[in-house]
Amino acid sequence: MSDRHGRTDEGQTRKGEDGDGMDAAVRYSILGTVRAVRGEAELTVGPPKRLALLSLLLLRAPGPLTLSEAVDVLWEDDPPPSAVNVVHRHIGALRRVLEPGLSSRAEATHLVRAADGYRLLVDASTSDLLRFRELRAQARLAVRAKDPVRAARCLVEALRLWRGPVVAAGTPVSGHPAFVSVGHEFVAAAKEAADVVLTSAPEGAEEVLAVLRTAVDCHPFDEALHSRIIAALAATGRQADALRHFETVRTVLAEELGVEPGPGLRAAQQHLLQHGGGGGDDVSAGPAPVSREQCAAVAHLPADSTVFTGRQAEFAQLEQLLGPVGAGRPPGTTAVLCGMPGIGKTTLAVHFAHRSADRFPDGRIHVDLQGHHPTREPLDTQQAMRSVLDALGVPHDRHTSDGALTARYRATLAGRRLLLILDDARDCEHVRPLLPTAPAGLAVVTSRRRLEGLAVTHNARVVPLPPMSRAESLRLLDRRLGTHRTRAEPGAAQRIADLCAGHPLALTLAAARAQTNPHFPLTALAAHLTAQAGTLAPYTGPDPHTDLRHALDRTYQALSPGAAVLFRRLSLHPAPDITVHTAASLTAADPRIAHRHLTELTDHSLLTETTPGHYAAHPLPVTYAAELARAHDTSAERSEAHTRMWQHYLHTVEAAVALLAPRHGSVALPPLLPGVRPQRFPGRPEAAAWLAAERAMLLGLVRDTGRGPRDESLRKQLTEALEVSPHPPGP
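First, a word on what this report is: a plain description of the structure on this page. (Residues numbered from 1 in each chain as written. Predicted model: local features only at pLDDT ≥ 70, side-chain atom pairs only at ≥ 80, totals over all residues. Heavy atoms only, no water.)

### Quick word on unusual backbone geometry
Among all residues except glycine, the phi angle is most often negative; among peptide bonds, the trans geometry is most common. Filter applied, for reference: Working definition: helices are DSSP H or I runs of at least four residues, strands are E runs of at least two. Numbering for both runs from the N terminus. The classification of residues rests on relative accessible area computed with a 1.4 Å probe and restricted to protein chains. Under 20% of the type maximum is buried, over 50% is exposed, and intermediate values are partly exposed.
At the junction of alanine 61 and proline 62, the peptide bond is cis and its omega measures out at 5° in the coordinates. Here proline 62 is to be found in the loop between α1 (48-60) and β4 (65-66). Although it is not a glycine, alanine 588 sits at a positive phi angle of roughly 55°. Phi angles above zero are rare outside glycine, and serine 605 is one such case at about 65°. By the secondary structure assignment, serine 605 is in the loop between α26 (591-603) and β14 (608-611). Serine 605 sits in the buried class, given a relative accessible area of 13%.

### Some words on the pairing of strand β10 (residues 419-425)
Applicable threshold: Paired strands are those between which DSSP finds at least two bridges.
For β10, a buried count of seven out of seven residues is recorded, marking the element as mostly surrounded by other parts of the structure. Relative to β10, strand β9 (residues 364-368) runs parallel, the two sharing five bridges. Residue pairing across strands places isoleucine 365 opposite leucine 420, the latter belonging to β10. Alignment of β10 against strand β11 (residues 442-447), held across five bridges, turns out to be parallel. Pairing of isoleucine 421 across the sheet is with valine 444, part of β11.

### Some points on the sheet that holds strand β2 (residues 35-38)
Strands pair in a sheet through their backbones, by hydrogen bonds, and they do so in one of two ways: parallel or antiparallel. Sheet architecture is open: three strands sit in the order β1-β2-β3, paired in antiparallel fashion. The outermost strands of the open sheet, each flanked by one partner alone, are β1 (26-29) and β3 (41-42). Across two bridges, β2 lies against β3 in antiparallel orientation. When the bridges of β3 are listed, arginine 38 appears paired with alanine 41.

### Observations concerning the pairing of strand β8 (residues 334-338)
By the criterion of burial, β8 is predominantly enclosed, with five of the five residues buried. Burial along β8 is two-sided: the face carrying Thr334, Val336 and Cys338 and the face carrying Ala335 and Leu337 are both buried. Relative to β11, β8 runs parallel, the two sharing five bridges. Note that in β11 the partner of threonine 334 across the bridge is alanine 443. Sheet analysis places β8 next to strand β12 (residues 461-464), joined by four bridges and oriented parallel. The residue bridging cysteine 338 from the neighbouring strand is proline 464, located in β12.

### Some remarks on the nonpolar core
In summary, soluble globular proteins display a tendency toward joint burial of nonpolar side chains. To keep things clear, this is the line we draw: Nonpolar core, defined: a set of buried Ala, Val, Leu, Ile, Met, Phe, Trp, Tyr and Cys residues in which side-chain atoms within 4.5 Å join the residues together. For this analysis, residues touch if any pair of their heavy atoms sits within 4.5 Å.
Counting 82 residues, the largest nonpolar core has Tyr28, Ile30, Leu53, Leu57, Val87 and Leu120 as the members making the most contacts within it. If you tally residues by element for this core, the top one is helix α6 (residues 177-200), at 11 residues. Setting aside its immediate chain neighbours within four residues, isoleucine 30 contacts Ser55, Leu58, Leu59, Asp128, Leu129, Arg163, Val166 and Phe179. Core analysis: the next-biggest nonpolar cluster, separate from the first, contains 72 residues, Leu476, Cys500, Leu598 and Leu620 among them.

### Observations concerning empty space enclosed by the protein
Applicable threshold: Detection works on a 1 Å grid of protein atoms alone, calling trapped sets that fit a 1.4 Å probe cavities and calling open sets with protein on both sides within 12 Å along at least five of seven lines pockets, with lining residues defined by an atom within 4 Å of a point. Grid points are joined across faces, edges and corners, and a volume is the space filled by probe spheres set on the points. Three classes are used: nonpolar for Ala, Val, Leu, Ile, Met, Phe, Trp, Tyr, Cys and Pro, charged for Asp, Glu, Lys and Arg, and polar for all others, with Gly counted as polar.
Enumeration over the complete set of coordinates arrives at two cavities of 30 Å³ or more. One number sums up the size of the second largest cavity: a volume of about 30 Å³. Lining the second largest cavity, in full, are His573, Asp577, Ile578, Thr579, Thr582, Tyr649 and Glu694. When the residues that make up the lining of the second largest cavity are grouped by side-chain class, the tally is two nonpolar, three polar and two charged.

### A short note on the sheet that holds β8
Put simply, the rule reads: Lines fitted to C-alpha atoms define the axes here, with helix axes fitted over just the stretch in contact, and angles between the N-to-C directions of these axes take values from 0 to 180 degrees.
Strand order across the open sheet formed by six strands is β7-β9-β10-β11-β8-β12, with parallel pairing between neighbours. Lying at the two open borders of the sheet, with one neighbouring strand each, are β7 (299-300) and β12. Contacts between helix α12 (residues 312-320) and the sheet are confined to β8 and β12, with β12 contributing the most and set at about 170° to the helix. Helix α14 (residues 381-392) contacts β7, β9 and β10 of the sheet and is inclined by roughly 150° relative to β9.

### Some points on the pattern of salt bridges
Selection rule: Salt bridge, as used here: a side-chain nitrogen of Lys or Arg that lies within 4 Å of a carboxyl oxygen of Asp or Glu.
Inspection of every chain in the model, using the stated rule, returns 23 salt bridges. Notably, a salt bridge pairs aspartate 590 with arginine 592, separated by 3.0 Å at the nearest N-O pair. One connected set of salt bridges, linked through shared partners, spans Arg131, Glu134 and Glu157.

### Thoughts on the packing of helix α23 (residues 548-557) against helix α27 (residues 619-632)
Put simply, the rule reads: Any angle that falls under 35 degrees is termed roughly parallel, while one over 145 is termed roughly antiparallel, one within 65 to 115 roughly perpendicular, and all others oblique.
Interhelical geometry of α23 versus α27 gives an angle of 75° and a closest axis separation of 11 Å. With respect to their mutual orientation, α23 and α27 come out roughly perpendicular. Along its contact with α23, which presents Leu548, Arg549, Leu552, Asp553 and Tyr556, the element α27 presents Leu620, Pro621, Tyr624, Glu627 and Leu628. For the contact of α23 with α27, the residue count by class is seven nonpolar, no polar and three charged.

### Thoughts on the packing of aromatic side chains
Note the threshold: Pairing of aromatic rings covers Phe, Tyr and Trp, the last counted by its six-membered ring, and requires centre-to-centre distances within 6.5 Å; plane angles under 30 degrees mean stacked, over 60 mean edge-to-face, and any other angle means tilted.
The tally for this structure, following the rule as stated, stands at six aromatic pairs. Residues phenylalanine 315 and phenylalanine 352 carry aromatic rings whose centres are separated by 5.7 Å and whose planes lie at 70° to one another, so their mutual orientation is edge-to-face. Placement of the pair is phenylalanine 315 in helix α12 and phenylalanine 352 in helix α13 (residues 345-355), with a sequence separation of 37 residues. Residue class for phenylalanine 352 comes out buried when judged on its relative accessible area of 0%. Between phenylalanine 681 and tryptophan 690, the ring centres sit 5.8 Å apart and the planes meet at 50°, which makes this aromatic pair tilted. The same class applies to phenylalanine 681 and to tryptophan 690, which are both buried. Every member of this aromatic cluster is reached through a ring pair, and the members are Tyr556, Phe567 and Tyr624.

The structure is reproduced here in structure tokens:
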């Protein structure tokens, strides 16, 4: 069944009016995040080993990938005896993703057998790596033909394809020598482009400078790259920046390696000095860099919260990135504050920025990226860069190319003790180009997404924000209402804190209601919240910025259809935590697909993975999920999902009892509805552990008349199964 975007559960796209159907060509990316795209739809490749296998096929294309190399890379030191069979199975699954209508592998046109392995049939029109190599080859031919302008054009086009080192999420391929060598191709192309552009096409110097900075981020001790950066800075009229760059590199080489610059780097410095680099920049050649003194007073920040409280642990993690006072550079350059809407990400980031003013003498800047803004589209990369440059007072041409703007942005940030608050990022790609590349600066990114990709590519520290504890919630109410009110009615204050479940926006909205009605006793407010429990009515209003339902809706709209269905089904579950198998039964999905959807909900901060395979939901999003279920699902659909859940627990309890108390007779089980996925246990310890962990929830389920199944015999059977199951030992 296709979803609302036209994708099936295997990530495929049905043919439609937009032309991105099954007949569209598949395009592959490997220069950055590994992806396969048909039309406008990204294909879901599958688990990490399958994604790694696709990466290897792309790397070796148009040649073959041998089975022995696939096994060596996928299992590194100790492949299992079944490794070759596993590779064959993954190849079959890849074929089904790439050609879902394929009736026989002999008819395959994407992935075919080779002499001792497999071959992915791609060319420069469908593989960014092959296109990159083709353009480099064309550039070499142009150099031989004494056409440097064409060579420069080819190299710049090739470098635009590069989005970063090969990253295949969840796999180790980026560290394998075969993939590292692709990074060396990029570095070599960057050097070739610098040599050609700086001598024959200087109008492209800004873009080449940006590429050189990207390359040197991954190869900080490559003196040939630094020499070309110095030349590019000089070519764009920034001789003073070029000299500063040389001094920075010399310091790094001395501190990190204990060596002095080599002949090539010193030659670049001497050439700069001999051609007028020491007497100041040629301002006619380009905008002058902003001075440190100009930056010192920059503080483009929202006001700090006067009632900020709590978050000591998360604040401490941010402080750790600063390093000890007096240190020359911080140990980290990026932190990600992630969490559900209204959990206080922006408030914490801004509070940290105000409290850390003395650690960032070059400025502190807040940029609202509007990734989930209630009324505006997300800010694009160029708009965000211009916003930072404007805040710093750096002149820049409004009509400059994206590459030149990026170069100007990076040159301005290089070496400066600057704090950037990049607020409300939509995803990793939304924020990645804006992150500081030099160790002096720090970016604090906030997002509803976990942005774990930044931990891979930028060594970012991901700091999830959980709900506030009861003590923190009460302190927040104290700050908002005054202790004279909260301590006069401590029971009501605790009830309000508990009903808001540690959610800062909900607490603040409840406190605002009490503030605007100072004659209301807190017991009345607590009674009002209690009466409306199970709805989001107390936390909504005319202001979209403080409307919790509106905020959750923006997150929900970003979900894939399968994850959206599972989110709605969460409202049927009797406990806040759920396992993969239970989620599979609720949605009648394969457990692997259910796991993928649970992971997606976790990435969007609608769930938290408490232990591997176990996920917990906050009560307010679950309340929102119930509203959605009533609005989007029929009564029959909800009833059937509810019955599947009861059958799931009944059959799972019986499976545990069969192992733990085999002498007790088994309950006569009803036939399973399609899609029910009861859990099975490999042995008695696993069955006992599951039963001990779930007994309280199961007992609550059978006693809750409001959640009864349509077939009451299910409740009776589950009760009987629990009665004969062994009770966990007491404390």
